[in-house]
Amino acid sequence: QVQLVESGGDLVQVGESLRLSCVASENIFMFNVMGWYRKAPGNERELVADINVGGITNYLDSVKGRFTISRDGAQKTVYLQMNNLKPEDTAVYYCNAKLWAVEYWGKGTLVTVSS
């Protein structure tokens, strides 16, 4: 069974940075796409950023220029570098991996941005 474990969430101030990590139990290049989603209270879950096996990235418009997704195959880890954080970035962030029609999810890590 594939496992994804997130870490790095924290309480930060507006304008600060955080780096989230997602460690997979399997070789991350076996997945078609890996990404980060978030869910804030009262909102639907939304895709924040993803990266496909070829390295092509995709970002939510509101995070473009502030967030960067990257990966380290040797560490089986996908990262989300988040800079210039805003209160509206407050959410639980989930790691996601897609292998054809199957999706895997981590349990999430909480990011709180205080003004």
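The following paragraphs examine the structure supplied in this document. This one's a predicted model, so the numbers in the text were calculated from it and none came from an experiment.

### With respect to the overall build of the chain
Along the backbone of the chain there are zero helices and eleven strands. Tracing the chain from N to C terminus, the helices and strands come up as β-β-β-β-β-β-β-β-β-β-β. Against the 2.2 N^0.38 benchmark of 13 Å for 115 residues, the chain shows a C-alpha radius of gyration of 13 Å, consistent with a compact globule. For the chain, the residues scored as buried account for 38% of the 115 residues in total. Look at the contacts in the chain between residues 6 or more apart in sequence, and 53% of them connect residues 24 or more apart. Here the chain displays about 6,100 Å² of accessible surface, and carbon together with sulfur accounts for 48% of that area. Between the mean site of the 11 positive side-chain charges and the mean site of the 12 negative ones, the chain shows a separation of 2 Å.

### Describing unusual backbone geometry
Located in the positive-phi region is Asn-84, a residue other than glycine, with phi close to 50°. Structurally, the position occupied by Asn-84 is in the loop between β8 (77-82) and β9 (91-99). Exposure remark for Asn-84: the relative accessible area of 40% places this residue in the partly exposed category.

### Notes on the packing of aromatic side chains
Following the criterion strictly, the structure yields two aromatic pairs and no others. On the numbers, 6.1 Å between centres and 65° between planes, the contact of Phe-31 with Tyr-104 is edge-to-face. Here Phe-31 is found in the loop between β3 (18-24) and β4 (33-39), whereas its partner Tyr-104 is found in strand β10 (residues 102-105), with 73 residues between them in sequence. You can call Phe-31 buried: its relative accessible area is 2%.

### What to know about the pairing of β10
Two strands pair when backbone bridges link them, and β9 and β10 are joined in this way by four bridges, in the antiparallel orientation. In the strand pairing of β10, Leu-99 is matched with Val-102. The hairpin formed by β9 and β10 contains two residues between the paired strands, and Trp-100 there has a positive phi angle of roughly 55°.

### As for the state of the cysteines
Note on terminology: a disulfide is the covalent bond linking the sulfur atoms of two cysteines. The final tally for this structure, using the stated rule, is one disulfide. Two residues share a disulfide in this structure: Cys-22 and Cys-95, whose sulfurs sit 2.0 Å from each other. The chirality of the disulfide connecting Cys-22 with Cys-95 is left-handed, given an S-S dihedral of about -75°. Of the two residues, Cys-22 is situated in strand β3 and Cys-95 in strand β9; the sequence distance between them amounts to 73 residues. Both residues of the pair, Cys-22 and Cys-95, count as buried.

Conventions and cut-offs
Residues numbered from 1 in each chain as written. Predicted model: local features only at pLDDT ≥ 70, side-chain atom pairs only at ≥ 80, totals over all residues. Heavy atoms only, no water. Helix = DSSP H or I, 4+ residues; strand = E, 2+ residues; numbered from the N terminus. Rg over C-alpha atoms; globule rule 2.2 N^0.38 Å. Buried < 20%, exposed > 50% of the residue type's maximum accessible area, 1.4 Å probe, protein only. Contact = heavy atoms within 4.5 Å. Areas by Shrake-Rupley, 256 points an atom, 1.4 Å probe, with all protein chains shown as cover. Lys, Arg positive; Asp, Glu negative; His and termini not counted. Charge placed at Lys NZ, Arg CZ, Asp CG, Glu CD. Phe/Tyr/Trp six-rings, centres within 6.5 Å; stacked < 30°, edge-to-face > 60°. Pairing = 2+ DSSP bridges. Disulfide = S-S within 2.5 Å.

Spatial relationships are all this shows, so hold off on functional conclusions.
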